[in-house]
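# Residue-level structure breakdown
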Amino acid sequence: MTFYDGIYPFYPLQRSSFIFDISLLVVILVFSVLAVSFLLILPGIRGKSRLLWMFRIFTSLFIGIVLVGLNFTGDWAEASVKANTSYKSFSNAVVSAEVGLHVGLYGINITLRGNPISQINETIDYNEIFRWSGDMDDQYTHALERGLPNPILYIAEKFTRNSACGLIYQYRYSGRFASANLWTAFLCWLVANILFSMPVIIYAGHMMILTAAFIFFSMASFSTIYNTAPCDFTIGADSFRASYSHSFWLALATGLLCAVIGLMVVLLGCLFPGKMREAFSVGVDSEDEECHTGGGYLNKGFLEGVICEDIQQTGKRKDSQQIATITVGFMARRNTI
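Scope of this entry: the structure provided in the associated data block. Just so it is clear, the model here is predicted, and its values are computed rather than measured.

### Examining the nonpolar core
As a rule of thumb, soluble globular proteins bury nonpolar side chains together. Of all hydrophobic cores here, the largest spans 72 residues; its most connected members are Leu 101, Ile 108, Phe 159 and Phe 222. Look past the residues within four positions of Leu 101 in its chain and what remains in contact with it is Ala 77, Glu 78, Ala 79, Ile 108, Asn 109, Ile 110, Ile 155, Phe 159, Phe 233 and Phe 240.

As structure tokens, then:
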């Protein structure tokens, strides 16, 4: 049932599609500010250590932003299909669109994009978020009240408690455990950066290996979503199933990077401890660190008094030694006589 050029009277006006997650934007801005700050410090570092210092800082910032950002990305697993499907309830209209499912650690994004975008006097471009932090059934009911398109409601219904697929339980707990492991990895990364500025480089390498381990634990936790019974999503005549996507592979690459850095630091720290401390500019022993008396102001009056007393004491000692020598010699002659 439509009213005035295909407008549905019982539904609110269409909103603009979701563009960018605010939390992820804040993370990117914070780490960008840190990167710019270190770039401003860079000209003050002299010699060859400038390049090494820059490599260390930007590699560390890259790992940090990945560990935090992966908690807010929505593409750990994705799937999409292009099909002809019914648009909304109480209407026989069929649209050609691409339907997508994007799974993150915080929830799911369901997208619907027309092909072309403008069809039946509407702009078909939706990106709806359903978060694990809220009640999925309530969110689904709210989506029904808003009159979202049928493909979005169909996929969202699969994640409700009453669904036969039971996806909500496995997806929610997998995302929570994966997020917890990522935050633990982030704490290990912070400790590793602190230890890199101290003369305990080997322990910093151990913490980087531990960071990699928790990243792999998060990936293993997320992979448990495939322990559920297969549940295909059917749109029109086509079906699809979610598979690993960009964030998952980025986590894998970052974990491997942390593992390689940690192993190299531990190995080189055991073989060349002195050179490693010198490379990281920590705990370097040199002659300059020995205790030396530097130049300073000397009180001449005080020194003259001390010198006079030393001379008098030295003279008295010499006289006493001479008297003792004479006495010994006199006694020796007397005994001879």
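### Remarks on the packing of helix α2 (residues 49–69) against helix α5 (residues 167–196)
Across the interface, α2 lies against α5 with an axial gap of 9 Å and an inter-helix angle of 160 degrees. Our classification of the angle between α2 and α5 gives roughly antiparallel. Of the two elements, α2 crosses α5, and the hand of that crossing is left-handed. On α5, the residues that touch Arg 56, Ser 60, Leu 61, Ile 63, Gly 64, Leu 67 and Val 68 of α2 are Leu 182, Trp 183, Ala 185, Phe 186, Trp 189, Asn 193 and Phe 196.

### Points about unusual backbone geometry
With an omega of 5 degrees, the peptide bond between Asn 115 and Pro 116 qualifies as cis. As for its placement among the helices and strands, Pro 116 is situated in strand β3 (residues 107–119). Even without being glycine, Ile 120 reaches a positive phi, approximately 45 degrees. Counting through the fold element by element, Ile 120 comes out in the loop between β3 and β4 (122–131). The phi dihedral of Asn 121 falls on the positive side, at around 60 degrees, and the residue is not glycine. Its place among the elements puts Asn 121 in the loop between β3 and β4. On the basis of relative accessible area, Asn 121 is assigned to the exposed category, the value being 65%.

### Let's talk about the packing of aromatic side chains
If you walk through the whole model with that rule in mind, you get 14 aromatic pairs. Considering the side-chain rings of Trp 76 and Phe 222, the 5.2 Å spacing of their centres and the 50 degrees angle between planes classify their relative orientation as tilted. Of this pair, Trp 76 sits in the loop between α2 and β1 (77–86) while Phe 222 is found in helix α6 (residues 201–223), placing the two residues 146 residues apart along the sequence. Accessibility assignment for this pair places Trp 76 and Phe 222 in one class, buried. For the pair Phe 159 and Tyr 171, a centre-to-centre distance of 5.3 Å together with 85 degrees between the ring planes defines the contact as edge-to-face.

### A few points about a nonpolar patch on the surface
On the surface, Ile 22, Leu 25, Val 26, Leu 29, Val 30 and Leu 34 cluster together into a nonpolar patch covering about 510 Å² of accessible area. Secondary-structure assignment places Leu 25 in helix α1 (residues 22–41). A residue is classified by how much of its surface remains accessible, and Leu 25, at 36% relative accessible area, is partly exposed.

Conventions we followed
Residues numbered from 1 in each chain as written. Predicted model: local features only at pLDDT ≥ 70, side-chain atom pairs only at ≥ 80, totals over all residues. Heavy atoms only, no water. Core = buried A, V, L, I, M, F, W, Y, C linked by side-chain atoms within 4.5 Å. Buried < 20%, exposed > 50% of the residue type's maximum accessible area, 1.4 Å probe, protein only. Contact = heavy atoms within 4.5 Å. Axes fitted to C-alpha atoms, helices over the stretch in contact; angles between N-to-C directions. Helix = DSSP H or I, 4+ residues; strand = E, 2+ residues; numbered from the N terminus. Parallel < 35°, antiparallel > 145°, perpendicular 65-115°, else oblique. Left-handed = near helix turned anticlockwise from the far one by under 90°. Phe/Tyr/Trp six-rings, centres within 6.5 Å; stacked < 30°, edge-to-face > 60°. Patch = residues over 30% accessible without salt bridge, like charges linked within 9 Å, V, L, I, M, F, W, Y side chains within 5 Å. Areas by Shrake-Rupley, 256 points an atom, 1.4 Å probe, with all protein chains shown as cover. Salt bridge = Lys/Arg side-chain N within 4 Å of Asp/Glu carboxyl O.

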